[in-house]
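# A closer look at the structure
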Amino acid sequence: MEYPLLLEGYRRDRRKLLEFLLSAGLARSPLGNSIDLAGVDLDTISADYVLELIGSGGEFDPSEATRRYFDGLKYPIMKNSSSGNSFFFLSKPTYGCPPQRAAPHTGGEIAAKSTSNSIRKEEYLVDEDIGLSGNDSSIGVATIPESSQSIKDADTISLGLPALVTGLSDDDMRETAYEVLLASLVLGGEVHFLEEKKKEKKSRFLKGLMSKRDGLISQSQQENCYSDLLDTIRVQMEISETMHACIKQGFRLVGLRMTLEQIDIPFLLLELLSAICETDFPNERLHIQWRRRQANVLEELLMVSVNDDLNMQGTLKMFLSKLRSIKDQGLNVSGGFADILTIVKQYVSKLLRMPGKFGLQGESYFWTGSYHFNLKLYEKLLCSIFDILEDGQIIEEADEILGVLKLTWPILGIIQKIHDTLYAWVLFYQFIQTGKILLLRYTVLQMQKILSSNYDDGIGEAYIDHLICSVESYGSTKILNFVDAVFFIIKSWCHNQLEDYHLHFSQDKSIAFESVATLAVLCGVRFTDECKEIKYIGHMAGTLPESMLVHIFVEKSIQAAYRQAVSLSDSQSHVQLKHPLAILANELKLIAEKEHTLFNPVLRRLYPDSGRLAFILMHLLYGERLKPFLEEFSQLSENVKEVLTASNSLELCLVDKLYALYGNNMESFMINYLHPYQIKKFSGPLILQWIHAQHVSILQWTERAIEIEDWEPLSSQQRQAKSVVEVFRIVEETVDQFFSSNLPMDTIHLRSLLIGISQSLEVYVLHIVNQQVPKTTLFPSSPALTRYAESVNPFTRKKIYQPTTPEEKISIQLNNLTVRKLCVKLNTLYYVRDQLDNIEDAIKQSWALSLSGFTLLDCMSHTTNGQNVAAVYKSLSAQSESVDELFTVFDDVRRSAILASEKIFDFIGPRVIFWDVRESFLFSLYRGSVESARLEMFLPVIDQVLDCICDLIIDTLRDKVVLSICQAAMDGYIWVLLDGGPCRVFSERDVTLMQEDLAVLKDLFIANGQGLPCDTVEKEARLAQQILNLYTLKADTIIEMLMSASENVSCHPEPKTCTRCATDAETLLRVLCHKKDKSASNFLKLQYQLPKSSDYGDLDVKEPTSPVLSDILKRSTSFTWTQMGQRSFRMMRNKFQALE
């Protein structure tokens, strides 16, 4: 960024280059000799003209060079590009190519005598360090830096003093200010110039700079502290040693005949003009330039006093014109230099004799007559405290320099309050130029000092009121005294920034924001009548000026940020394919977060209700835009859902911020200012509609998944069915969509969701249950009861026993109820219960999180209707406790799943024993004789089935499945003992072998401690053991037991479905039927007329070719047994081998 000081350095270099080019013989004068630069002002010479002249070899014409220079100021600054038509605009274009026409004027006509320094500093005041504008500050082709309006507006950051009419440049003002300072020091006796003092003596300031660069440390002391400090000031004000020497020589002569009481700027300049001659300057050109400057200053000071006297005005102009044009003041001509000086001195003396208007000590006419010039000179002096090499840095000698500057007060008409005010202005202006936060803090301290100081000088106030400044105020001109003008200008700049602080201050600029806010309040309290009208929530602002100011800042900034967010949402809507209201709500959330974390902590110290105002205003502004949308939609489309979700999220965010700031004190202002959006009112019916649609969808997906289910395990690790995974995936997606909507919900919505989920799972479980058949269809019919008798005639025709078979429909169902599929169904039902617990926990957690936010919204909604906050929270807390009751609908699903599992457990054992292995176990065990058909022959088949089941079923359910098979195996063994048919008769010697088989069967399920518990197996085998014990009794004993237990037993009893008992009549009767004993046979013949067993042929038994069993065995050969399954029956096989 180019600062004015840097530009002035460029101008000096430019002058030196032009002087070198014109005096090096590269160009010639019209007379053919070298160019005389004595009367040429190099600042007003066109560089382009000189370069063209050197290239063409033409003659140098000063008037043409000057004309070309001023003509160039009328056009935009060109950029040296290949196209040759690129230039800088005074505004930032948004599109299009650079126009071919010339850029329009931006100001008044440029005076013919203006110098390059006439470019206003304000055009370059772009804050780079703190980024007050919030935009890019780099200058490029066809653009200038975008800064705040206050920075670009020269009137806003200028003092508004009367303009200089003679076109004095900044260099002219700075050199004149230095002459005034030098005069005050010399004539005040503070500095004595010694001829023997070395010219090359360096100031402590310059030596300090050299020590930084060269690593040298100098501790030399100057004999004269004022001389040393003056040398520092000279360097800071960029006064050359040549000019310093010339002025010093003049003051040596002037000091001999003047005192400090006689000093005024016009008189001082006239004395210097008479004391300094051309020979004191190194060349004539410098002397002419210096004399012209002095003449311009005199004109600036004296012409104000003769505004009403046209004759005197013309006379002074003529004399001052001659001062500029006379080359040698020593010439003795009519109206010569000395005569002109004498005449002008007489007029100045007349003015000096005029009494002061306010009776201030040392007051002269020029205190008030040329106050604008005096203040500008003092401003230049104050600027000498800023380091010329480091922008925004104050040098170490600042306090000493400020003390020295007090010597100029009698000359410039400065009093303490004016000094303090102008010093505050210089600090602030330097901050605008450099963006250094430290300068802003100094400005705040200086303004606080001015406001807290008691100057107690009514005369001084009257004097200050006479120092008039003209400032712009809302499009009109406002006349203020100097002090009020400084306060007003700083106030205006700060207000401009703070009325859109979201734009001008970024996250890392909170320090600058705090200082600007403090400065705005300090300056703004003097102009409470200038406060803009409060549009929103005016009662909150109160009557304090500070509160009203901050209220306006917050109101204006939130409105500006809102407008920016609206513009952004409209433009981004087509890009993001979202509704503008949804984008706007998200943008306002970001604004609210920035307001809460960055700005409110500062503003709240100045205005405690700033947070309330900001968040309520955002709520109000968005509500005005949202209301028409809420009144129009009729269904929960994607756009509607986005808007309702974003709106509810914004409202929740704003209420959270208010609650974080004010807690339960929210109630007092919510009733008056907050009007809830009532999103629940609009979204509630639509949410129910959506949930019902999801219910239908879930049921359809559930039914479809069941229809195509083949009840195969998902994988070796995930042994449940594929369909249940799909069902829960749909359920979880529905739950996620339900809670991700971020819409306010009631318990009725949660209840509807839970009912839909439970209904879908109930349908799934019911389908599994409906596929089952009664286990009684698996049991074979019992053969006819017979008595033991050996066959006498082998050729006698015998009756054959044929077991009953289920109906075809039942058979088809049984074929689909294989052990493998039953195991997968058991795993699936357990998965349903397990996943249902997870779904319940997830829903409860999500509901609690959503309820914490909705509780605040409900609280806001209720309190705006007049209810007490405590009562509202108590009511809402009771509602949250009742939510647990809604989840009882899941208990019905759990009970259904448990009942379905129990039904399968009750079925799977009989399925294995009485269906899958019936041929090899029921119909083959002990057939013909016990010794020829022992259990060990058929046990490997059961062993393989158990291995397959253990690999299919999950570990949690394995024992229950094995227990079901164990129970069925004992029932099957009992069936062989009691319902085995005529082919099975048991002698007392067979009982011993049968007891050994029962022990083997028990050991199979105990599996050496790795299977079922021993007590459990013993319990299940107790009845079989009791029946075997009956076979060990004598027939007469059994007959006595039967006679006593069943006097009413029918001769042809039907099999009972109830549980058997070892001592009931039916059991005892069947034991007698299968007992190989003649007395038992005779008893049955006499008492029950049972036929002989020899009249019946053997069972029609086939090889074990059951398709279901074959399927199991085939699958088992390719099945990877688990380690547990392999160990379960290893011990049992070893025992079989030992028995063989």
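Residues numbered from 1 in each chain as written. Predicted model: local features only at pLDDT ≥ 70, side-chain atom pairs only at ≥ 80, totals over all residues. Heavy atoms only, no water.

### Let's talk about the overall build of the protein
Along the backbone of the protein there are 45 helices and two strands. Expressed as a percentage of its 1140 residues, the buried residues of the protein come to 50%. For the protein, the proportion of contacts with a sequence separation of at least 24, taken over those separated by at least 6, is 77%. Accessible surface, the protein: about 53,300 Å² in total, of which carbon and sulfur atoms supply 51%. (Helix = DSSP H or I, 4+ residues; strand = E, 2+ residues; numbered from the N terminus. Buried < 20%, exposed > 50% of the residue type's maximum accessible area, 1.4 Å probe, protein only. Contact = heavy atoms within 4.5 Å. Areas by Shrake-Rupley, 256 points an atom, 1.4 Å probe, with all protein chains shown as cover.)

### Re the pairing of strand β1 (residues 468-473)
Side chains of β1 alternate between two faces, with C469, V471 and S473 buried and I468, S470 and E472 left unburied. Pairing geometry for β1 and strand β2 (residues 476-481), over six bridges, is antiparallel. Note on β2: the bridge partner recorded for S473 is S476. Counted along the chain from β1 to the antiparallel partner β2, the turn is two residues long, and its residue Y474 has a positive phi close to 55°. (Pairing = 2+ DSSP bridges.)

### Looking at the packing of helix α28 (residues 679-707) against helix α29 (residues 722-740)
One can describe the packing of α28 onto α29 by two numbers: an axis separation of 9 Å at closest approach and a directional angle of 170°. One finds that α28 runs roughly antiparallel with respect to α29. Contact residues: I687, W690, I691, Q694, I698, W701, T702 and A705 in α28; S723, E726, V727, I730, V731, T734, Q737 and F738 in α29. Its residues assigned to classes, the contact of α28 with α29 shows 10 nonpolar, five polar and one charged. (Axes fitted to C-alpha atoms, helices over the stretch in contact; angles between N-to-C directions. Parallel < 35°, antiparallel > 145°, perpendicular 65-115°, else oblique. Nonpolar A, V, L, I, M, F, W, Y, C, P; charged D, E, K, R; others polar.)

### Quick notes on the packing of aromatic side chains
Enumeration over the complete set of coordinates arrives at 25 aromatic pairs. With 4.6 Å between their ring centres and 55° between their planes, Y501 and F599 make a pair best called tilted. One end of the pair, Y501, is in helix α21 (residues 501-504); the other, F599, is in helix α24 (residues 580-606), and 98 residues separate them in sequence. With respect to burial, Y501 and F599 carry one shared label: buried. One aromatic cluster is present, formed by W425, F428, Y429, F431 and W493 through successive ring pairs. (Phe/Tyr/Trp six-rings, centres within 6.5 Å; stacked < 30°, edge-to-face > 60°.)

### Details of the nonpolar core
Membership of the largest hydrophobic core comes to 297 residues, with the highest contact counts inside it found for I265, W425, F482, Y973 and F1005. Considering each element in turn, this core owes the most residues, 14 residues, to helix α37 (residues 955-979). Of all hydrophobic cores here, the second largest spans 14 residues; its members include L18, I45, V50 and L53. (Core = buried A, V, L, I, M, F, W, Y, C linked by side-chain atoms within 4.5 Å.)

### A short note on the confidence of the model for the protein
Overall, the prediction assigns the protein a mean pLDDT of 77, with 74% of residues at 70 or greater. In the predicted structure, residues 194-223 sits below a pLDDT of 50 and forms 31 contacts with residues beyond four places in sequence or in another chain. The low-confidence segment residues 1101-1140, where pLDDT is below 50, has 63 contacts with residues more than four positions distant or belonging to other chains. (pLDDT = per-residue confidence, 0-100.)

### Comments concerning the side chain of E363
Tracing the backbone shows E363 in the loop between α12 (337-352) and α13 (365-369). Separated by 2.9 Å, the side chain of E363 and the backbone nitrogen of K357 make a polar contact. (Polar contact = N/O pair within 3.5 Å; in protein donor to acceptor, adjacent residues only side chain to side chain.)

### Describing the side chain of H372
Within the fold, H372 resides in helix α14 (residues 371-382). You can call H372 buried: its relative accessible area is 5%. Sequence-distant contacts of H372, defined by excluding residues within four places in its chain, comprise L161, P162, A163, L164 and E300.

### Focus on the environment of H419
Topologically, H419 is positioned in helix α17 (residues 416-434). Overall, the relative accessible area of 7% leaves H419 in the buried class. Residues H419 and L375, spaced 44 residues apart in sequence, show a C-alpha to C-alpha distance of 9.4 Å. The contacts of H419, once residues within four sequence positions are left out, are Y378, L382, L402, W409 and I414. Among the polar contacts listed, one links the side chain of H419 to the side chain of Y378, at a separation of 2.7 Å.

### What about helix α34 (residues 889-916)?
The terminal C-alpha atoms of α34, which comprises 28 residues, lie 39 Å apart, in line with the 40 Å expected from a rise of 1.5 Å per residue. Approximately 30° is the largest bend angle found in α34, and it occurs at P910. (Expected span 1.5 Å × (residues − 1). Bend = angle between axes of the 7 residues up to and from the residue.)

### Remarks on unusual backbone geometry
The phi angle at E238 is positive, at roughly 60°, despite the residue not being glycine. Within the secondary structure, E238 is located in the loop between α7 (225-236) and α8 (241-254).

### Here's the deal with the pattern of salt bridges
Enumeration according to the criterion identifies 40 salt bridges in this entry. The closest approach of N and O atoms between R1070 and E1066, which form a salt bridge, is 3.3 Å. Taken as a pair, R1070 and E1066 lie in helix α41 (residues 1065-1074) at a separation of four residues, close to a single helical turn. Pair check on accessibility: R1070 and E1066 agree, each one buried. Via salt bridges that share partners, D837, E840, K844, D891 and R894 belong to a single interconnected network. (Salt bridge = Lys/Arg side-chain N within 4 Å of Asp/Glu carboxyl O.)

### Concerning the packing of helix α9 (residues 265-275) against helix α10 (residues 284-302)
It is the contact of α9 with α10, at a shortest axis distance of 10 Å, that shows an interaxial angle of 155°. Here α10 runs roughly antiparallel to α9, going by the angle between their axes. Judged by the twist between their axes, the crossing of α9 over α10 is left-handed. Contact residues: α9 offers I265, P266, L269, L270, L272 and L273, while α10 offers W290, R291, Q294, V297, L298, L301 and L302. Split into classes, the residues belonging to the contact of α9 with α10 amount to 11 nonpolar, one polar and one charged. (Left-handed = near helix turned anticlockwise from the far one by under 90°.)

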